[in-house]
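Fold and geometry: a report
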Amino acid sequence: MSRLTLHTPVTAPADSRPFVEKAIANNGFLPNLIGVLANAPLALETYLTVSSINSRASLSLMEREVVQITAARIHGCDFCIAGHSAIALKKAGQTPDTVRALQHGQGTGDAKLDAVAAFASAVIATRGAVADDEYQAFLAAGYNEQQALEVVLGISLATLCNFSNSLAGTPVNPQLTPYLPGAV
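So, here is what we can say about the structure in this document. Chains are numbered independently. Their residues run from 1 in the order of the written sequence. Confidence filtering applies because this is a predicted model: local features only for residues at pLDDT of at least 70, side-chain atom pairs given and counted only at 80 or more, and all residues used for totals across whole chains, interfaces and linings. Derived side-chain values reflect all non-hydrogen atoms in the structure, with water molecules and hydrogen atoms excluded from consideration.

Let's talk about the overall build of the protein chain
Secondary structure counts use DSSP, requiring at least four H or I residues in a row for a helix and at least two E residues in a row for a strand, with both numbered from the N terminus. Each helix and strand in the protein chain was counted, giving nine helices and zero strands. Going from the N terminus to the C terminus, the protein chain shows its helices and strands as α-α-α-α-α-α-α-α-α. Radius of gyration here is computed from C-alpha atoms only, and the compact-globule reference equals 2.2 Å multiplied by the residue count raised to the power 0.38. The C-alpha atoms of the protein chain give 16 Å as radius of gyration, which agrees with the globular expectation for 184 residues (16 Å, within 12%). Between two residues, a contact is recorded if the distance between any of their heavy atoms is within 4.5 Å. Sequence separation of at least 24 residues holds for 68% of the intrachain contacts in the protein chain that already meet a minimum separation of 6. Reported accessibility uses the Shrake-Rupley method at a 1.4 Å probe radius. Residues are deemed covered only where the shown protein chains occlude them. About 8,900 Å² of surface is accessible on the protein chain, with carbon and sulfur atoms providing 56% of the total. Charge convention: Lys and Arg are scored as positive, Asp and Glu as negative, and His as well as the terminal groups of each chain are ignored. The atom standing in for a charge is NZ when the residue is Lys, CZ when it is Arg, CG when it is Asp and CD when it is Glu. Between the centroid of the 11 positive side chains of the protein chain and the centroid of its 14 negative side chains there is a distance of 8 Å.

Here you go:
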């Protein structure tokens, strides 16, 4: 059970309702994260706005999902691990083996994805003050300065979601439980 109110389209504050309706239209159901964020219309608007901006990053969809799954794993957010694992599998076309590896912080066997995961982990662990060798390893994998900052952008988005879910104790929607660690 959520510690914060888990809003529905009917109970959401008026300023959150357009965002709630958009989330339902995009997902086919109301993700509980949206129901929680609806408590603060500006937080919900920020989430959707930053999500839209992040989707325009030069990182591929899968690289962005690596950042999201990595951050969620480190921050202990099963809701976000499940949600982003679903995207990685269904929209980015990744294999269950790759997603399982990311969920457990293990190498995927894909040097580029592993470089993104390692760099995202280092950014989170050091609050951005990554060691020169960690940054150089990211660059050596074929990434650039822009993409380093796009990893930070993705982590900022993940932090809003991961911390909101942790604060609320957001339950994982039944539609997402097949994508939880141990279920993939």
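Describing the side chain of Arg-64
For Arg-64, the location among the structural elements is in helix α4 (residues 61-75). Under the scheme applied here, a residue whose accessible area is under 20% of the maximum for its type counts as buried, over 50% as exposed, and between as partly exposed, the area being computed with a 1.4 Å probe on protein chains only. When a carboxyl oxygen of Asp or Glu is within 4 Å of a side-chain nitrogen of Lys or Arg, the pair counts as a salt bridge. The charged side chain of Arg-64 is buried without a salt bridge, its nearest counter-charge being Glu-65 at 5.7 Å. Sequence-distant contacts of Arg-64, that is, excluding residues within four places in its chain, are made with Asn-54, Ser-55, Ala-57 and Leu-59.

Considerations on the nonpolar core
Here, nonpolar core means buried Ala, Val, Leu, Ile, Met, Phe, Trp, Tyr and Cys residues that are tied together by side-chain atoms lying within 4.5 Å of each other. By size, the foremost hydrophobic cluster in this structure holds 51 residues, and its most contacted members are Tyr-47 and Val-151. When contributions to this core are tallied by element, the ones reaching two or more residues are α1 (17-27), α2 (32-37), α3 (41-54), α4, α5 (78-90), α6 (96-103), α7 (111-126) and α9 (145-168). If you tally residues by element for this core, the top one is α7, at nine residues. The contact partners of Tyr-47, leaving out residues within four places of it in the chain, are Leu-33, Ile-34, Leu-37, Leu-157, Leu-160 and Cys-161.

Structural notes on the packing of aromatic side chains
Centre distance within 6.5 Å is the pairing criterion for rings of Phe, Tyr and Trp, where only the six-membered ring of Trp is used; planes under 30 degrees apart are then read as stacked, over 60 as edge-to-face, and the remainder as tilted. In total, this model carries three aromatic pairs according to the counting rule given. Ring geometry for Phe-119 against Phe-138: centres 4.2 Å apart, planes inclined by 20°, an arrangement best described as stacked. You can see Phe-119 sitting in helix α7 and its partner Phe-138 sitting in helix α8 (residues 132-140), a full 19 residues away along the chain. Given the relative accessible area of 1%, Phe-138 is considered buried. Aromatic pair Phe-138 and Tyr-143: ring centres 4.6 Å apart, planes at 10°, arrangement stacked. Looking at Tyr-143, the relative accessible area reads 5%, which means it is buried. Grouped by ring-pair contacts, the aromatic residues Phe-119, Tyr-135, Phe-138 and Tyr-143 constitute a single cluster. Definition used: whenever NZ (Lys) or CZ (Arg) falls within 6 Å of the ring centre and also within 35 degrees of the ring normal, the charge is taken to sit over that ring. In this structure, Lys-112 is placed above the aromatic ring of Tyr-143, and the distance from its NZ or CZ to the ring centre is 4.2 Å.

Structural notes on unusual backbone geometry
Even without being a glycine, Arg-127 presents a positive backbone phi close to 55°. By the element assignment, Arg-127 lies in the loop between α7 and α8. Residue classification places Arg-127 among the exposed residues on the basis of a relative accessible area of 78%.

Re the state of the cysteines
The disulfide criterion is simple: two cysteine sulfur atoms within 2.5 Å. Following the criterion strictly, the structure yields zero disulfides and no others. In this structure Cys-80 is a free cysteine whose sulfur lies 3.5 Å from that of Cys-77, the closest cysteine sulfur available.

Re the environment of Thr-70
Mapped onto the elements, Thr-70 comes out in helix α4. A relative accessible area of 1% places Thr-70 in the buried class. Here the alpha-carbon distance between Thr-70 and Ala-158, two residues 88 residues apart in the chain, equals 9.3 Å. Sequence-distant contacts of Thr-70, that is, excluding residues within four places in its chain, are made with Ala-117, Ala-120 and Ser-121.

Considering the packing of α4 against α7
It is the contact of α4 with α7, at a shortest axis distance of 9 Å, that shows an interaxial angle of 40°. Looking at the two axes, α4 sits oblique to α7. Regarding α4 and α7, the two cross each other, and that crossing is right-handed. Of α7, the residues touching α4 (which contributes Met-62, Glu-63, Val-66, Val-67, Thr-70, Ala-71, Arg-73, Ile-74 and His-75) are Lys-112, Leu-113, Val-116, Ala-117, Ala-120, Ser-121 and Ile-124. Classifying every residue of the contact of α4 with α7 by side-chain character gives 10 nonpolar, three polar and three charged. For helices, the fitted axis covers only the stretch in contact; all axes are lines through C-alpha atoms, and the angles between them, taken along N-to-C directions, range from 0 to 180 degrees. Here is the rule for angles: anything less than 35 degrees is roughly parallel, anything more than 145 is roughly antiparallel, 65 through 115 is roughly perpendicular, and the remaining ranges are oblique. Handedness of a helix crossing follows the sense of rotation of the near helix relative to the far helix, less than a right angle counterclockwise being left-handed and clockwise being right-handed. For this classification, the nonpolar set comprises Ala, Val, Leu, Ile, Met, Phe, Trp, Tyr, Cys and Pro, the charged set comprises Asp, Glu, Lys and Arg, and every other residue, Gly included, is treated as polar.

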